[in-house]
Amino acid sequence: MEQLTLLSPFIAVAATIIAILASVIFFVKCSCLSDKIDELNERIDKRKADANLMDLRFRREIEALKTQLHSLSPQDNQAHRASEEKNADSNEAAYATVKSEFLPVTDKTKDAEHTLYASSYDSERNQFFAIESSPSQKTIYEITYFESNPQTGYFTIYKEAEHKVVECRDHLDAASEIEGRGKKIDWSTLNPGKLSKKENNWEVVTPLTVKFV
């Protein structure tokens with residue numbers, strides 16, 4: 001008992017020290033957590049500010065484009081539309097020229113003309129994947145032949161498929177020789193190809209040549 005009595009003050013001091021240490025550790029942990037929370041809040045605020053800045057930049061760019069659009073005079077708009085219409089007319093005229101000039105004169109003047117519409121060409125089987133009597137979404141080529149010589153045909157690119165072959169020139173593989181890297185067909189220099197009909201299949205004898213400008 002006397003020994004316990006003598007140790008009591010030391011035990012009390014040790015308990016006090018332990019309590020103080022626990023308080024210090026708790027304070028330190030709370031302080032660290034508080035610092036982390038403050039840091040996260042700063043990051044969030046910074047990202048919000050960046051997002052607001054980006055939104056402001058986009059709005060300014062949009063307003064600038066709108067201003068440029070409205071600044072165009074009626075004369076400028078009319079000239080732009082006239083230029084587009086002229087280009088469309090030129091392409092249409094060139095396409096008509098291609099269809100007429102490459103055909104034999106005797107065929108054009110004396111024979112009934114027949115037109116078919118073909119998809120891409122299968123070089124392994126030497127035939128078009130599909131041939132139809134009217135154009136469809138698969139149409140790439142336009143085939144022309146005459147009653148006097150139904151075993152021989154000529155083919156060119158179907159005019160409504162221009163955007164398709166510009167986007168993916170693979171459609172023209174095996175039946176065409178391609179030049180240029182432009183975004184539209186130069187109809188004035190297009191040279192149609194020649195076909196031969198064998199066992200009800202149209203085979204390419206001479207590939208067409210097309211130039212992109």
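Cut-offs used in this document
Residues numbered from 1 in each chain as written. Predicted model: local features only at pLDDT ≥ 70, side-chain atom pairs only at ≥ 80, totals over all residues. Heavy atoms only, no water. Helix = DSSP H or I, 4+ residues; strand = E, 2+ residues; numbered from the N terminus. Buried < 20%, exposed > 50% of the residue type's maximum accessible area, 1.4 Å probe, protein only. Contact = heavy atoms within 4.5 Å. Phe/Tyr/Trp six-rings, centres within 6.5 Å; stacked < 30°, edge-to-face > 60°. Salt bridge = Lys/Arg side-chain N within 4 Å of Asp/Glu carboxyl O. Pairing = 2+ DSSP bridges. Polar contact = N/O pair within 3.5 Å; in protein donor to acceptor, adjacent residues only side chain to side chain. Core = buried A, V, L, I, M, F, W, Y, C linked by side-chain atoms within 4.5 Å. Lys, Arg positive; Asp, Glu negative; His and termini not counted. pLDDT = per-residue confidence, 0-100.

Section: the overall build of the chain
Thinking step 1. When helices and strands are tallied, the chain shows four helices and 10 strands.
Thinking step 2. Scanning the chain from its N terminus toward the C terminus, one meets helices and strands in the order α-α-α-β-β-β-β-β-β-α-β-β-β-β.
Thinking step 3. Within the chain, buried positions represent 24% of all 213 residues.
Thinking step 4. Here the analysis covers contacts within the chain between residues at least 6 apart in sequence; of these, 59% occur between residues at least 24 apart.

Considerations on the packing of aromatic side chains
Thinking step 1. The tally for this structure, following the rule as stated, stands at six aromatic pairs.
Thinking step 2. Residues Phe-128 and Phe-155 carry aromatic rings whose centres are separated by 6.1 Å and whose planes lie at 75 degrees to one another, so their mutual orientation is edge-to-face. Of this pair, Phe-128 sits in strand β3 (residues 127-128) while Phe-155 sits in strand β6 (residues 149-157), placing them 27 residues apart in sequence. When sorted by exposure, Phe-128 lands in the same class as Phe-155, which is buried.
Thinking step 3. Note on Tyr-141 and Phe-155: the rings are 5.3 Å apart at their centroids and 80 degrees apart in plane angle, and the pair reads as edge-to-face. Placement of Tyr-141 in strand β5 (residues 141-146) and of Phe-155 in strand β6 is noted, with a sequence separation of 14 residues between them.

Topic: the pattern of salt bridges
Two side chains of opposite charge can pair, provided their charged atoms sit close to one another.
Thinking step 1. By the definition in use, this model includes one salt bridge.
Thinking step 2. Among the salt bridges present, the one from Lys-198 reaches Glu-203, with a minimum N-O distance of 3.9 Å.
Thinking step 3. Relative accessible area serves as the criterion here: at 46%, Lys-198 is assigned to the partly exposed category.

Remarks on the sheet that holds β5
Thinking step 1. Strands sit in the order β4-β1-β5-β6-β8-β9 across an open sheet of six strands; the sheet is antiparallel. What marks the edges here is a single partner per strand, and that holds for β4 (131-132) and β9 (201-206).

As for the side chain of Glu-162
Thinking step 1. With respect to the helices and strands, Glu-162 occurs in helix α4 (residues 162-167).
Thinking step 2. At 3.5 Å, the side chain of Glu-162 forms a polar contact with the side chain of Trp-187.
Thinking step 3. Setting aside anything within four residues of it in sequence, one finds Glu-162 in contact with Lys-184, Ile-185 and Trp-187.

Some thoughts on the nonpolar core
Thinking step 1. Counting residues in each nonpolar core, the largest one holds 22 residues, and the members touching the most others are Phe-128, Tyr-141, Ile-157, Leu-172, Ile-185 and Val-210.
Thinking step 2. Where this core is concerned, the elements lending two or more residues are β1 (113-118), β5, β6, α4 and β10 (208-211).
Thinking step 3. The leading source of residues in this core is β5, at three residues.
Thinking step 4. Each residue touching Phe-128, except ones within four places of it in the same chain, is listed here: Ala-118, Ser-119, Ser-120, Tyr-121, Asp-122, Tyr-141, Ile-143, Leu-195, Trp-202 and Val-204.

Some words on unusual backbone geometry
Thinking step 1. With a phi angle near 55 degrees, Asn-126 is a residue other than glycine that sits in the positive phi range.
Thinking step 2. A relative accessible area of 36% places Asn-126 in the partly exposed class.

Topic: the side chain of Asp-186
Thinking step 1. Tracing the chain through its elements places Asp-186 in the loop between β7 (176-179) and β8 (193-198).
Thinking step 2. Buried charged residue Asp-186 carries no salt bridge. Nearest counter-charge: Lys-211, at 5.3 Å.
Thinking step 3. Excluding its chain neighbours within four sequence positions, the residues that come into contact with Asp-186 are Lys-211 and Val-213.

Brief notes about the environment of Ser-176
Thinking step 1. Looking at where Ser-176 falls in the secondary structure, it is placed in strand β7.
Thinking step 2. Sequence-wise, Ser-176 and Pro-207 are 31 residues apart; in three dimensions their C-alpha atoms are separated by 4.8 Å.
Thinking step 3. Residues contacting Ser-176, with those up to four places away along its chain left out, are Tyr-141, Pro-207 and Leu-208.
Thinking step 4. A distance of 3.0 Å separates polar atoms of two side chains, one belonging to Ser-176 and the other to Tyr-141.

Topic: the confidence of the model for the chain
Thinking step 1. The pLDDT averaged across the chain works out to 77; a share of 54% of its residues lies at or above 70.
Thinking step 2. Per-element confidence in the chain is highest for β4, whose mean pLDDT is 96, and lowest for helix α3 (residues 105-110), whose mean pLDDT is 52.

What about the environment of Gln-151?
Thinking step 1. With respect to the helices, strands and loops of the structure, Gln-151 is situated in strand β6.
Thinking step 2. When its relative accessible area of 41% is taken as the criterion, Gln-151 is described as partly exposed.
Thinking step 3. Between the C-alpha atoms of Gln-151 and Ser-196, which are 45 residues apart in sequence, the distance is 5.7 Å.
Thinking step 4. What Gln-151 contacts, discounting residues up to four positions off in sequence, is Leu-195, Ser-196, Lys-197 and Trp-202.

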